[in-house]
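Notes for the structure review
In case you want the letters, here they are:
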Amino acid sequence: MKGALWICSLFMTAPLCMSQVDYSTQVQPVFNASCLGCHGNTSGVSLNSYAKVMASVGSQFGTAAVQPGSKESSPLWIKINPNPPIGVRMPPNNPLDQTKIDIIGQWIDEGASESATAVEDLSGQPFRFALIDNYPNPFNPATTIRFSLPDEAFVTFQVCDIRGAVVNLYSGYFQSGEQVLTIRLGDRPSGLYTVRMQALAGNKTFRSRAMKILLLK
Ligand code: HEC
């Protein structure tokens, strides 16, 4: 917590909680509907399963189509946007709508994992990216969140109520290692809340699972 700069704000008009993109229900269906006609089970770019997508190397860019953590360096994302630097926009003559492009971009930026929770694992690092636990729980009015970071990162925490509205937001820079953050909800009614954390390290974005915390007054 040393040296961290805190911004804490309360939203009166509640924006929606951030959620992590799920590959099998949000990304693969887009490929099935719009890409498999030409990128089925073939060599080069083959988009019929998670493993095939991750193994795809296009002949134009000559690199893996998906670069986990960076949509801007991923040929797959570049090619579904207007005016790619090489070749034509995908799918040819039939562009995806912006929502689908954004979902695919978010999935890549979150680490391009197959399951929504695998994003927390960074193998080979002394510390994982993880939201660990909170104590005490239940709590009133404050609870301490424990989390860890493999690298220095700009971290944002969202606290949401059960309707999915953001009630508190904290952000700041943290060193790598295990860290703590105290969350206060004294002005809120008793009930279940969720905490999510998003960390920006270099050009990578990681998002945690939602952790449930219980305020009991
Ligand atoms: C009508 C056939 C067709 C459809 C549908 C199609 N593509 Fe393609 N795709 C091509 C062809 C042909 C190429 C190679 C030539 C080009 O890019 O202009 C290509 C190339 C690519 C590349 C190659 C980049 C590289 O490095 O070589 C990517 C990535 C790609 N497509 C992604 C997609 C995605 C994602 C979709 C669906 C959203 C899609 N394509 C839909 C025909 C198609």
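Coordinates for the structure precede this section.
If you're wondering where the values come from, they're calculated on a predicted model, not measured in any experiment.

1. What to know about the pattern of salt bridges
Counted by the stated rule, this structure contains five salt bridges. Each of Lys71, Glu72 and Asp109 takes part in salt bridges that share partners, so that together they form one network.

2. Observations concerning helix α4 (residues 98–109)
Between its first and last C-alpha, α4 extends 16 Å over twelve residues, near the 16 Å set by a 1.5 Å rise per residue. Within α4 the residues assigned to the buried category are Ile101, Ile104, Gly105, Trp107, Ile108 and Asp109. On its buried face, α4 sits against α1 (23–34), α2 (50–55), α3 (75–80) and β8 (204–207). Downstream of α4 by one or two residues, glycine 111 has phi in the positive range, about 115 degrees.

3. Quick notes on unusual backbone geometry
Note the cis peptide between methionine 90 and proline 91, where omega equals -15 degrees. Topologically, proline 91 is positioned in the loop between α3 and α4. Positive phi values are uncommon outside glycine, yet asparagine 83 reaches one of about 50 degrees. Relative to the helices and strands, asparagine 83 is located in the loop between α3 and α4. Overall, asparagine 83 belongs to the exposed group, its relative accessible area being 72%.

4. A word on the pairing of strand β5 (residues 166–174)
β5 sits mainly inside the fold: eight of its nine residues count as buried. Sheet analysis places strand β4 (residues 153–161) next to β5, joined by eight bridges and oriented antiparallel. Of the residues in β5, the one forming a bridge with alanine 153 is phenylalanine 174. Connecting β4 to the next strand, β5, in antiparallel fashion are four residues, including glycine 164 with a positive phi near 90 degrees.

The rules behind these values
Starting from 1, residues in each chain are numbered consecutively following that chain's sequence as written. Under the rules for a predicted model, residues below a pLDDT of 70 receive no local features and side-chain atom pairs below 80 are neither given nor counted, while totals for whole chains, interfaces and linings still include all residues. For side-chain calculations, the full set of non-hydrogen atoms in the structure is used, while hydrogens and water are omitted. Each salt bridge in this description consists of a side-chain nitrogen of Lys or Arg and a carboxyl oxygen of Asp or Glu lying within 4 Å of one another. Only DSSP runs of H or I with at least four residues qualify as helices, and only runs of E with at least two residues qualify as strands; both kinds are numbered from the N terminus onward. A helix is expected to reach a length of 1.5 Å times the quantity of its residues less one. Burial classes follow relative accessibility: with a 1.4 Å probe on protein chains only, a residue under 20% of its type's maximum area counts as buried, one over 50% as exposed, and anything between as partly exposed. The criterion used for residue contact is that any of the two residues' heavy atoms lie within 4.5 Å. Note on pairing: DSSP must find at least two bridges between two strands before they are called paired.

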